[in-house]
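Next come the chains, spelled out residue by residue.
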Amino acid sequence: KYFKITNLDNPIDNYDACNKKYVDQFVTGGHILEPVRLATTEKLESVFMASSYQLISKKMESLSFEGIETRIGDRVLVKNQINTFENGICVVSNIGSASTNWVLTRTTDYDGSSTGTISYGDIVPIIAGTANAGIIFIQLTSTAITLGSTNITFLANQASGVSGGFVSSVAN
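## A look at the overall build of the protein
Inference 1: When helices and strands are counted, the protein shows one helix and 13 strands.
Inference 2: Secondary structure elements of the protein, listed N to C terminal, follow the sequence α-β-β-β-β-β-β-β-β-β-β-β-β-β.
Inference 3: Within the protein, the fraction of its 172 residues that count as buried is 42%.
Inference 4: Put simply, of all contacts in the protein between residues at least 6 apart along the chain, 56% involve residues at least 24 apart.
Inference 5: Of the roughly 9,200 Å² of accessible surface on the protein, 53% is carried by carbon and sulfur atoms.

## Considerations on the nonpolar core
Side chains of a nonpolar character, in soluble globular proteins, are inclined to be buried together.
Inference 1: Counting 15 residues, the largest nonpolar core has Leu77, Ile89, Val124, Ile126 and Phe154 as its most contacted members.
Inference 2: Dropping the residues within four chain positions of it, leucine 77 is found in contact with Val36, Leu38, Ala39, Thr40, Gly88, Ile89, Val124, Ile126, Phe137 and Phe154.
Inference 3: Among the nonpolar cores identified, the runner-up in size contains 13 residues, and Val76, Val78, Trp102 and Leu104 belong to it.

## A look at the pattern of salt bridges
It is possible for side chains of opposite charge to pair when their charged atoms get near one another.
Inference 1: On inspection of all chains with the given rule, the structure shows four salt bridges.
Inference 2: Among the salt bridges present, the one from arginine 37 reaches aspartate 74, with a minimum N-O distance of 2.6 Å. Remark: aspartate 74 occurs in the loop between β5 (68-69) and β6 (75-78) and arginine 37 occurs in the loop between α1 (20-29) and β1 (38-39); sequence separation between them is 37 residues.
Inference 3: Given the relative accessible area of 18%, arginine 37 is considered buried.

How each quantity is defined
- Throughout this document, residue positions are counted from 1 along each chain, in the order its sequence is written.
- Confidence filtering applies because this is a predicted model: local features only for residues at pLDDT of at least 70, side-chain atom pairs given and counted only at 80 or more, and all residues used for totals across whole chains, interfaces and linings.
- Hydrogen atoms and water are omitted, and side-chain values are computed over all heavy atoms in the structure.
- Helix and strand definitions here come from DSSP, where helices need a minimum of 4 consecutive H or I residues and strands a minimum of 2 consecutive E residues; each element is numbered from the N-terminal end.
- Three labels apply to residues, based on accessible area from a 1.4 Å probe with only protein chains included: buried if under 20% of the type maximum, exposed if over 50%, partly exposed otherwise in between.
- Contacts are assigned to residue pairs with any non-hydrogen atoms lying within 4.5 Å of each other.
- Computed by Shrake-Rupley with a 1.4 Å probe, the accessible areas treat only the displayed protein chains as cover when residues are assessed.
- Here, the term nonpolar core denotes a set of buried Ala, Val, Leu, Ile, Met, Phe, Trp, Tyr and Cys residues that are joined through side-chain atoms within 4.5 Å.
- The salt bridge definition used is simple: a Lys or Arg side-chain nitrogen within 4 Å of an Asp or Glu carboxyl oxygen.

Encoded structure:
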């Protein structure tokens with residue numbers, strides 16, 4: 001006789017059990033995206049501009065993550081916003097300073113357009129940072145995404161070989 005566990009939610013922690021729908025969607029729906037240099041570890045103090053899909057700092061200051069200064073063009077995974085519809089992959093448009101606000105703009109490969117599709121199971125490798133280097137994050141929103149209103153969430157998973165702009169292997 002076999003036993004079956006039913007009504008499992010999507011996993012949140014590394015050792016949570018997975019339901020079949022989650023595994024099926026992950027295997028068939030996600031794709032490995034271009035790695036990001038850095039990822040957030042806490043909520044950004046910013047204003048979300050829905051018309052331009054930008055996060056703009058509330059204070060005039062330079063943007064850094066885990067003590068690492070950003071550069072124009074850096075790809076950043078924003079994953080800790082309280083309003084999770086603000087989460088996603090952004091590029092640093094302005095690093096900010098004592099006289100200017102930093103600006104993060106949604107990347108064109110993750111903006112919900114036909115060329116920037118956001119899919120359940122998308123894999124985002126992180127290259128640098130103390131807490132996030134070598135980690136991959138998996139996008140868990142399984143419903144159709146409308147940028148600026150649909151909540152987007154990510155789950156951390158361990159990765160190996162994340163460096164220099166590519167992923168050589170991914171381990172679950």
